[in-house]
Amino acid sequence: MATTQTAAPGLPDASQPPAGHLAALLEALPVPAVLFGDHGRAQAVNQLGRQAFVIDERAPLASQPVNVVLLPFGAPAVAAVQSVARGGAPALCTVLCGRTRRPAELRAVPVG
């Protein structure tokens, strides 16, 4: 049996953390981080992430898809995030960063 909880009209949904809490959590991380929703669109990003990922500051964050945000890191990074979003196991891949093409680890993990 599946059950769902919904908030009464006009009240916040208690089953989901407020966006401000997610942003604060990501900001506390010492690495670039972005949180994507199940639909593959960005939900929150920290300041380091705004420097590392492709974030259009003129557009709403929730309109920015994973394949654009992770564009500098190539298809393996996008595939890792999409796999986790479909219910796959956490994924780890090596990506090349910046002009120096320095290798770094990209971790895709489910949240919630």
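Our subject in this report is the structure included herewith. Everything quoted here is computed from the prediction, not taken from an experiment. (Residues numbered from 1 in each chain as written. Predicted model: local features only at pLDDT ≥ 70, side-chain atom pairs only at ≥ 80, totals over all residues. Heavy atoms only, no water.)

1. Digging into unusual backbone geometry
The phi angle at arginine 101 is positive, at roughly 55 degrees, despite the residue not being glycine. Position of arginine 101 among the secondary structure elements: in the loop between strand 3 (91-97) and strand 4 (102-108). Here arginine 101 falls in the partly exposed class, since its relative accessible area comes to 43%. (Helix = DSSP H or I, 4+ residues; strand = E, 2+ residues; numbered from the N terminus. Buried < 20%, exposed > 50% of the residue type's maximum accessible area, 1.4 Å probe, protein only.)

2. Some thoughts on the pattern of salt bridges
Within the structure shown, the criterion is met by three salt bridges. Between arginine 58 and aspartate 56 there is a salt bridge; the shortest N-O distance is 3.2 Å. Overall, arginine 58 belongs to the exposed group, its relative accessible area being 78%. Take aspartate 56: its relative accessible area is 29%, and that puts it in the partly exposed class. Put simply, arginine 107 and glutamate 105 hold a salt bridge, and the shortest N to O gap is 2.9 Å. Judged by relative accessible area, which is 58%, arginine 107 ranks as exposed. (Salt bridge = Lys/Arg side-chain N within 4 Å of Asp/Glu carboxyl O.)

3. Observations regarding the pairing of strand 2 (residues 42-45)
Working note: regular strand, side chains alternate between the two faces of the sheet. Two elements, strand 1 (residues 34-36) and strand 2, share three bridges in a ladder whose sense is antiparallel. Bridge pairing links leucine 35 to alanine 44 in strand 2. Linking strand 1 to strand 2, which pair antiparallel, is a turn of five residues; within it glycine 40 sits at a positive phi near 85 degrees. (Pairing = 2+ DSSP bridges.)

4. Focus: the pairing of strand 4
Pairing geometry for strand 3 and strand 4, over seven bridges, is antiparallel. Bridge pairing links leucine 92 to arginine 107 in strand 4. Between strand 3 and strand 4, which follow one another and run antiparallel, lie four residues, and glycine 98 among them has a positive phi close to 65 degrees.

5. Section: helix 4 (residues 74-85)
The first and last C-alpha atoms of helix 4 sit 17 Å apart over twelve residues, in line with the 16 Å expected at 1.5 Å per residue. Within helix 4, the full set of buried residues consists of Ala77, Val78, Ala80, Val81 and Val84. The arc enclosing the buried residues of helix 4, seen along the axis, measures out at 155 degrees, which places them on a common side. The secondary structure elements touched by the buried residues of helix 4 are strand 1, helix 3 (66-69), strand 3 and strand 4. Glycine 87, located one to two residues past helix 4, shows a positive phi value of around 100 degrees. (Expected span 1.5 Å × (residues − 1). Arc of directions from axis to C-beta. Contact = heavy atoms within 4.5 Å.)

6. What to know about the side chain of glutamine 64
For glutamine 64, the position within the fold is in the loop between helix 2 (47-52) and helix 3. At a separation of 2.8 Å, a polar atom in the side chain of glutamine 64 contacts the main-chain amide nitrogen of aspartate 56. At 3.2 Å, the side chain of glutamine 64 and the backbone oxygen of alanine 59 are in polar contact. (Polar contact = N/O pair within 3.5 Å; in protein donor to acceptor, adjacent residues only side chain to side chain.)

7. So, the packing of aromatic side chains
For any pair of aromatic rings, the description rests on two quantities: the centre-to-centre distance and the angle between the ring planes. This model, assessed by the stated rule, comprises one aromatic pair. On the numbers, 5.8 Å between centres and 75 degrees between planes, the contact of phenylalanine 53 with phenylalanine 73 is edge-to-face. Here phenylalanine 53 is found in the loop between helix 2 and helix 3, whereas its partner phenylalanine 73 is found in the loop between helix 3 and helix 4, with 20 residues between them in sequence. With respect to class, phenylalanine 53 is no different from phenylalanine 73; both count as buried. (Phe/Tyr/Trp six-rings, centres within 6.5 Å; stacked < 30°, edge-to-face > 60°.)

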